[in-house]
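In case you want the letters, here they are:
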Amino acid sequence: MKKIVYFTSDFYDRHVIKLIIDKYNLNEMEATRRFILSETHDLLEDAENGMMCYPAHAIFDMWEAKQATGDPRNSINIKGC
């Protein structure tokens with residue numbers, strides 16, 4: 001696996017974690033833990049998946065799809081492509 005560059009990962013981490021905090025009223029540590037340890041984050045870190053072309057809101061939607069359905073690929077953002 002070829003990982004995305006650290007500043008790209010940092011950008012997504014900050015934005016998606018903020019969205020999780022805002023929507024689910026979690027503290028920063030819990031929101032960070034949930035995102036960083038998620039399958040969605042694993043997919044994002046793999047440069048070969050090309051997920052860094054998606055906006056942060058789409059990555060957040062993929063994370064939510066994983067929480068609801070068990071698979072981040074069930075996101076409307078992926079199904080719509």
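What counts and how
- Residues numbered from 1 in each chain as written.
- Predicted model: local features only at pLDDT ≥ 70, side-chain atom pairs only at ≥ 80, totals over all residues.
- Heavy atoms only, no water.
- Phe/Tyr/Trp six-rings, centres within 6.5 Å; stacked < 30°, edge-to-face > 60°.
- Buried < 20%, exposed > 50% of the residue type's maximum accessible area, 1.4 Å probe, protein only.
- Helix = DSSP H or I, 4+ residues; strand = E, 2+ residues; numbered from the N terminus.
- Expected span 1.5 Å × (residues − 1).
- Arc of directions from axis to C-beta.
- Contact = heavy atoms within 4.5 Å.
- Axes fitted to C-alpha atoms, helices over the stretch in contact; angles between N-to-C directions.
- Parallel < 35°, antiparallel > 145°, perpendicular 65-115°, else oblique.
- Left-handed = near helix turned anticlockwise from the far one by under 90°.
- Nonpolar A, V, L, I, M, F, W, Y, C, P; charged D, E, K, R; others polar.

## Some words on the packing of aromatic side chains
As enumerated under the stated definition, the model contains four aromatic pairs in all. Centre to centre, the rings of Tyr6 and Phe7 are 5.4 Å apart; their planes meet at 80°, and the pair counts as edge-to-face. No difference in accessibility class separates Tyr6 from Phe7, as the two residues are exposed. Measuring from ring centre to ring centre gives 5.8 Å for Tyr24 and Trp63, while their planes differ by 70°; the resulting arrangement is edge-to-face. Here Tyr24, found in helix α1 (residues 6-24), pairs with Trp63, found in helix α4 (residues 56-69); they are 39 residues apart in sequence, far enough to count as distant. We classify Tyr24 as partly exposed; its relative accessible area is 37%. Three or more aromatic residues link up through ring pairs in this structure, and these residues are Tyr24, Phe60 and Trp63.

## Considering α1
For α1, which comprises 19 residues, the first-to-last C-alpha distance of 26 Å matches the rise-based estimate of 27 Å (1.5 Å per residue) to within 8%. Turning to α1, its buried residues number three or more, namely Thr8, Ser9, Tyr12, Asp13, Val16, Ile17, Leu19 and Ile20. The buried residues of α1 occupy an angular sector of 160° when the element is viewed end-on, so they sit on one face. Relative to its buried face, α1 has exposed residues pointing more than 90 degrees away, namely Phe7 and Arg14. Those residues of α1 that are buried are in contact with α2 (28-36), α3 (39-45) and α4. At the exit of α1 stands Asn25, carrying a positive phi of roughly 55°.

## With respect to the packing of α1 against α2
Between α1 and α2, whose axes approach to 9 Å, the crossing angle comes to 120°. The orientation of α1 relative to α2 falls into the category oblique. The chirality of how α1 crosses α2 is right-handed. Here α1 contributes Tyr12, Asp13, Val16, Ile17, Ile20 and Ile21 to the contact with α2, which in turn contributes Glu28, Ala31, Thr32, Phe35 and Ile36. Residues belonging to the contact of α1 with α2 are distributed by class as follows: eight nonpolar, one polar and two charged.

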